[in-house]
Amino acid sequence: MICNSGHAYSVVRIWSALLPVLLALGGVASAQAKPPEKSPEDEATVALRRQALDLYRTGKFVEAMPLLEKLSGLTPKDFVVKEHWAYCILEYSKTLKNPNRRQQARLHARALGYEAKEQGDHGELLEILLSIPEDGSDLKFSDRKDVDDAMKAAEADRARGDLEKAREGYLHVLELDPKNYDATVYVGDVYFSQHAYNNAGEWFAKAVKLDPTKETAYRYWGDALALVGKNDEAREKYINAVIAEPYNRTPWLALRQWTDRIQQPFNGIILQNKSTVPAPGTKTATTLDEHSLSATDPEAAGWAAYTRTRALWQKEKFKKTFPNEPSYRRSLKEEAEALDAMVSVLAPDAASLKKAEKLDPALLALIQIDHEGLLEAFVLLNRADREIKTDFPAYRDAHHDKLYRYVDEFVLPKPEAKPSK
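Just so you know, these numbers come straight off a predicted model, no measurement behind them.

Student: Before we move on, could you go through the overall build of the protein and cite the residues and values that matter?
Tutor: Helix and strand counts for the protein come out as 20 helices and zero strands. For the protein, the residues scored as buried account for 51% of the 421 residues in total. Restricting to contacts in the protein with at least 6 residues of sequence separation, those with at least 24 account for 64%. Element-wise, carbon and sulfur atoms account for 52% of the exposed surface of the protein, whose accessible area totals about 20,800 Å².

Here it is, written out as structure tokens:
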């Protein structure tokens, strides 16, 4: 998934604020990585680890950096410590005025990230470190020099843990550029870090109004609401974060971690693709007759209908539907129509309890999704490739309600209310 938050290191900034939240709520920075096996540590090392991680968890990255460096030297096989040290270096780079020193710091952070990867790290934070450009090129927040300089100064204060000065800096950015999305979010983030969650929410709401197609403000707002126990409201913010940027992994990760914390079911509806659609421009493969298969293998019959429909789109229907596009591409309309053809074949079997038991549960869910008129939302959020994704912005503008319903009803199903006695 792709982050699109306005500057080259936006994903780094997102995690800068998200990490303390995850840690405070019981999450870990390397959510996808298996922690390394640790040998017993002496008391001094245990004390050093505690001090370093306390600083890290409170966002005092510059202070934590030398302690994590020392700890990494004492525990060289601990890739989580190395990952945290690298992230602190990346934050520290924001405080350096000399561009060459900033570049060297970022390159150092990137190199440590690759070392952690070789040791077995696969965490989300690692992806941030590996996304640093190979040349360590400088961070840029705005094409306007005055705004860019002001943002860098505020970010440096934030990296040092000086929240009051950082907020003053972000407010100064807004004096220069009143519609600056990032600065608006970061003012809210400072309030969040100071546990002023209502004030934080007010600023996140302002950011949403500035640009509802960016996920960060929704997600931060969800974090603030979750911390004060307003989980119904948090749910709505997390869903809207996903809808804003569904091809960015970060909002999905935040949503999943929230569901884990409150034990909310999370359904990932994944179809086991059995299609034999040939590549565009090649000779159309002979497809099996779904009618002859329906009695013996309904799933194969369904996929045969899917394959036949897509082949028709490649052959002639795409050009008729999109006469202004220069060449064939896989589209939302094609995929939705092909899945609908599959559902038409499978639906009779799904109506029989005995036969339904033999169907893939994901296909049963697909039938219900189609029945609810949410097939296109399913495609965009579950089966979108690079070509289908181009149809997303227009669909979101016209059918935000359907995208929301799909996540609300199928991805995050609410428990059925128990009948009163």
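Student: Before we move on, could you go through the pattern of salt bridges and cite the residues and values that matter?
Tutor: Oppositely charged side chains are able to pair whenever their charged atoms sit close together. Summed over the entire model, instances satisfying the criterion amount to 28 salt bridges. Where salt bridges share partners, they join Arg102, Arg106, Asp138, Asp148 and Lys152 into one cluster.

Student: Now, about unusual backbone geometry: what can you tell me, with residues and values included?
Tutor: Phi is positive for His195, which is not a glycine, with a value near 65°. Along the polypeptide, His195 turns up in the loop between helix H9 (181-193) and helix H10 (197-210). Judged by its relative accessible area of 58%, His195 falls in the exposed class. Unusually for a residue other than glycine, Gln263 sits at a positive phi of about 60°. Tracing the chain through its elements places Gln263 in the loop between helix H13 (249-262) and helix H14 (290-293).

Student: So what about the side chain of Thr75? Which residues, and what values?
Tutor: By the secondary structure assignment, Thr75 is in the loop between helix H3 (61-74) and helix H4 (79-93). Leaving out residues up to four positions away in the same chain, Thr75 has contacts with Glu41, Thr45, Arg49 and Val81.

Student: Report on the packing of aromatic side chains, specifying residues and quantitative values.
Tutor: Evaluated as defined, the whole model comprises 14 aromatic pairs. One aromatic cluster is present, formed by Tyr56, Phe61 and Tyr87 through successive ring pairs. Cation over ring: Lys206 sits above Trp203, and NZ or CZ is 3.9 Å from the ring centre. Above the face of the Phe322 ring, Arg329 is positioned so that its terminal group lies 5.5 Å from the ring centre.

Student: Talk me through the packing of helix H2 (residues 43-57) against H4; I want residue IDs and the actual numbers.
Tutor: To describe two helices that pack against each other, one gives the angle between their axes and the distance between the axes. Where H2 meets H4, the closest approach of the two axes is 12 Å, and the angle between their N-to-C directions is 45°. Between H2 and H4, the angle falls in the class oblique. Considering the relative orientation of H2 and H4, their crossing is left-handed. Residue-level inspection shows Arg49, Leu53 and Tyr56 of H2 in contact with H4, the latter providing Val81, His84, Tyr87 and Cys88. Classifying every residue of the contact of H2 with H4 gives five nonpolar, one polar and one charged.

Rules of the game
Residues numbered from 1 in each chain as written. Predicted model: local features only at pLDDT ≥ 70, side-chain atom pairs only at ≥ 80, totals over all residues. Heavy atoms only, no water. Helix = DSSP H or I, 4+ residues; strand = E, 2+ residues; numbered from the N terminus. Buried < 20%, exposed > 50% of the residue type's maximum accessible area, 1.4 Å probe, protein only. Contact = heavy atoms within 4.5 Å. Areas by Shrake-Rupley, 256 points an atom, 1.4 Å probe, with all protein chains shown as cover. Salt bridge = Lys/Arg side-chain N within 4 Å of Asp/Glu carboxyl O. Phe/Tyr/Trp six-rings, centres within 6.5 Å; stacked < 30°, edge-to-face > 60°. Lys NZ or Arg CZ within 6 Å of the ring centre and 35° of its normal. Axes fitted to C-alpha atoms, helices over the stretch in contact; angles between N-to-C directions. Parallel < 35°, antiparallel > 145°, perpendicular 65-115°, else oblique. Left-handed = near helix turned anticlockwise from the far one by under 90°. Nonpolar A, V, L, I, M, F, W, Y, C, P; charged D, E, K, R; others polar.

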